[in-house]
Amino acid sequence: MLPRILRKDETNLFVEGLLKKYRVLGPVEENSEFWFDEIQFAEQLTFQYVTTIFPPTQFFFLPTETLLSYEKGLIVRNYEKSDRQRLILGIHPCDVHGILVLDKYFLGTYVDPYYQRRRENTLIAALTCQEIEDKCFCESFGTGPDLKTNYDLLFTDLGDHYLIEVGSNAGKQIVQAANLPQATRKDFAEKDERMREAKRKFKRKVNTENLPEIMLNNLTHGIWTELDKKELSCGNCSLACPTCFCFNIHDVVDLTLKRGRRWREWDSCQLLEYAEIAMGGNFRKSRGARCRHWMNCKLSYVKLRHGMFGCVGCGRCIRDCPVGIDITEVARRVRGE
Amino acid sequence: MLNPYKPENAIIKNVKRQTYDVKTYTFAFEKERKDCSFKPGQFIVLSLFGIGEAPFSLCSNPIDKETFALTVRNVGNVTKALDKLSEGDVVGLRGPYGTSWPLEETRNKNILIVAGGLGIASLHALITYVANNRCNYKKVEILYGARTPNDLIFTNEFNHWTNMENTWLLLTVDTVPKESPWPHNVGVVTTLFEKMHSRADNTVVMTCGPEIMIRFVVKGLMYRGFMEDQIFVSLERQMKCGIGICGHCQLGTKIVCKDGPVFRFSEVKGLSDTML
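Residues numbered from 1 in each chain as written. Chains lettered and ligands numbered in written order. Predicted model: local features only at pLDDT ≥ 70, side-chain atom pairs only at ≥ 80, totals over all residues.

J.: Please clarify how the domain arrangement of chain B should be interpreted in this entry.
T.: Put simply, an interface is often sized by how much accessible area is lost when its parts join up. All names here are of chain B. Considered domain by domain, chain B is made up of domain 1 (8-97) and domain 2 (103-268). Between domain 1 and domain 2, the contact holds 21 residues from the first and 20 residues from the second. Sorting the residues of the side of domain 1 that touches domain 2 by element identifies strand S3 (43-48), strand S4 (52-57), strand S5 (68-73) and strand S6 (90-97) as the ones contributing at least two each. It is S6 that provides the largest number of residues to the side of domain 1 that touches domain 2, a total of three residues. Of the residues belonging to the side of domain 1 that touches domain 2, the class tally is 11 nonpolar, eight polar and two charged. (Domains from an automatic or database assignment. Contact = placed C-beta atoms within 7 Å. Helix = DSSP H or I, 4+ residues; strand = E, 2+ residues; numbered from the N terminus. Nonpolar A, V, L, I, M, F, W, Y, C, P; charged D, E, K, R; others polar.)

J.: Help me understand the packing of helix H8 (residues 222-230) of chain A against helix H10 (residues 287-306) of chain A, please; the structure alone is not making it clear to me.
T.: Between two packed helices, both the angle of their axes relative to each other and the distance between the axes serve to describe the pair. All names here are of chain A. It is at 7 Å that the axes of H8 and H10 come closest, and there the two elements cross at 115°. Crossing of H8 against H10: the hand is right-handed. Between H8 and H10, the residues in contact are Trp224, Thr225, Leu227 and Asp228 and Arg287, Gly288, Cys291 and Arg292, respectively. Looking at the contact of H8 with H10 residue by residue, the class counts come to three nonpolar, two polar and three charged. (Axes fitted to C-alpha atoms, helices over the stretch in contact; angles between N-to-C directions. Left-handed = near helix turned anticlockwise from the far one by under 90°.)

J.: For this particular structure, what's the right way to read helix H2 (residues 93-106) of chain A?
T.: In an α-helix, one turn spans 3.6 residues, which is why side chains three or four residues apart end up on the same side. Residues and elements named next belong to chain A. For H2, with 14 residues, the first-to-last C-alpha span of 20 Å sits near the 20 Å given by 1.5 Å per residue. Counting buried positions along H2 gives 11 out of 14 residues, so the element sits mostly inside the fold. If you check which residues of H2 are buried, you get Pro93, Cys94, Asp95, Val96, His97, Gly98, Ile99, Val101, Leu102, Tyr105 and Phe106. Where H2 is buried, its residues touch strand S6 (86-91), helix H3 (113-120), strand S7 (122-127), helix H4 (138-141) and H10. (Expected span 1.5 Å × (residues − 1). Buried ≥ 20, exposed ≤ 12 C-beta atoms within 10 Å, placed from the backbone.)

J.: Any chance you could explain the sheet that holds S3 of chain B here in plain terms?
T.: What holds strands together in a sheet is hydrogen bonding between their backbones, with the strands either parallel or antiparallel. Residue and element names in this part refer to chain B. Within the open sheet, the six strands sit side by side as S4-S3-S6-S1-S2-S5. Their pairing is antiparallel. Of all the strands in the sheet, the pair left with one neighbour each is S4 and S5. Across the sheet, the mean angle from the axis of one strand to that of its neighbour is 40°, orientation sign disregarded. (Pairing = 2+ DSSP bridges.)

J.: Help me out: how do you make sense of the domain arrangement of chain A in this one?
T.: Residues and elements named next belong to chain A. Segmentation of chain A into domains returns domain 1 (4-200) and domain 2 (211-335). A separation of 26 Å is found between the C-alpha centroids of domain 1 and domain 2. With 33 residues of domain 1 in contact, the opposing surface of domain 2 contributes 29 residues. At the level of secondary structure, the elements contributing two or more residues to the side of domain 1 that touches domain 2 comprise strand S4 (64-71), H2 and H4. Of the residues forming the side of domain 1 that touches domain 2, the biggest block, 10 residues, is contributed by H2.

J.: Quick question: what am I supposed to make of the sheet that holds strand S11 (residues 259-266) of chain A here?
T.: Residues and elements named next belong to chain A. Across the sheet, which stays open at both edges, the four strands sit in the order S5-S4-S11-S10 with antiparallel pairing between neighbours. Edge strands, defined here as strands with exactly one partner in the open sheet, are strand S5 (74-77) and strand S10 (247-253). On average, each strand axis in the sheet is tilted by 30° relative to the strand beside it, whichever way the strands run. Pairing of S10 with S11, which is carried by seven bridges, proceeds in the antiparallel orientation. When the bridges of S11 are listed, asparagine 248 appears paired with glutamate 265.

J.: What's the story with unusual backbone geometry in this structure? I'm lost.
T.: Glycine aside, a negative phi is what most residues show, and trans is what most peptide bonds show. At the junction of glycine 95 of chain B and proline 96 of chain B, the peptide bond is cis and its omega measures out at 5° in the coordinates. Here proline 96 of chain B shows up in strand S6. Here the bond from glycine 260 of chain B into proline 261 of chain B is cis, since omega is 10°, no more than 30 degrees from zero. Inspection of the secondary structure puts proline 261 of chain B in the loop between helix H6 (256-259) and strand S15 (262-264). A positive phi angle, close to 60°, is found at methionine 279 of chain A, a residue other than glycine.

See the structure below:
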């Protein structure tokens, strides 16, 4: 499908066009921090952003959500009403890969209808990455800074304009409706050069060769004892991670005891209660065991199960760990480097 | 759209007290879904509105397509609330989920069943199935251990089991209260290995109970020449969704609610965070 260009001084006009048709989610800035939010007008957006506080997967797998409401033992509602189509704009390739990991779990043998509705109802207009932070390492996992598939539109900042690659019919309709001019070979040459330049900026690297097997073969490595003493069991890493898919389910009733709802919230395997079983048993009582489980989930288990790593190299867990646990260092140490 | 989190209302048809803290509940669906088919070893998620959900192994007769039965110890949030319910009350059920005991693979072979405590619940469905299809299997031996004689359940069926040809039931308890008659073994379930008829040759082992028990059962059997491939275990982990999504029951590369709860021992051996 024919790639297009968008002049930067026409970006707001383009976004206003999108806002007429879609609920637009995109990166916004406040107090020098970035996060994804639903925007009302184009000026709210910022494309010059570094990794957001929360991963944008929060718009697919909500931090909390009601699964069922019931009244006197009868289910009265079990999912949300149909919604206006959404478009997530300016999402980085690492975070797109986060969504692909969630797909493996929420759209597996059993399909989670809440996730599925949002996933199918949301177009992805991604943005290749040129703002490489010192905590980023997506290149090691092949999840950035460029994106090859799984987008409707893909933007690349080329100075005074964006190159827009088109990945689906829905994306094609958008660029056609906006009547954007076609891109040239020169734009692609410029993109290639910029991607090469971006790749040179990575300071953190992970050697992923045979990493899942190496992790599995090192369940008794000394690093887990070290981490047992170091880690706080705060669960920050899970809240920040775009691939953490775990949740807990609670029931809550109103004061009349007649109406209630069953809801879920993000959970973390770093918390003690996470793996508790009947009569107080717990197979991951120590913090070291919980940390090992988290690291292995990211660097081994998901890859062995689904063919893609559970880590996308966004660096949020490194940024948010209060005691400085660094997944790239763990991978290096376990490998024996 | 099908919602896998949505339980279906079921009525408690019968409550049978097994011991001071264990009861067997029989459920039937209120309407629409009449079929209660399952394979021995599978579990369902029981749902009490306002309290929550918990997974339980099905213990009923798999041939009975009208009802599901669960044998439950009154020990947690959900089970304490369930304990207060009686015939006619309504609960929610989802499932059945998970893998089952290897009935096809076991055809024309000997079966050794090792049960500890409430682990007998999952195996009860299997024993009932085997009893109804007795000619498909050769020797059947059941080793069953509980804490005390008062903790044994399904006691009224013991005679039926032992009356079958080529079938043995060996019982053991950890302790016997004073002045209780107890003609059987005392000790952990692995102490029955010295008395059992089963040998490794042409035998499939199926075991369920506390994980620490499973560990020593496997160890003891391997010492007697059994191989990891012929031992099947049913594992317990915290489960929230029961359908392979919520992550709680992850055991290394396995998801217990989906890949299990019944595993060939060689599949789960060496995974992290187990007692196996």
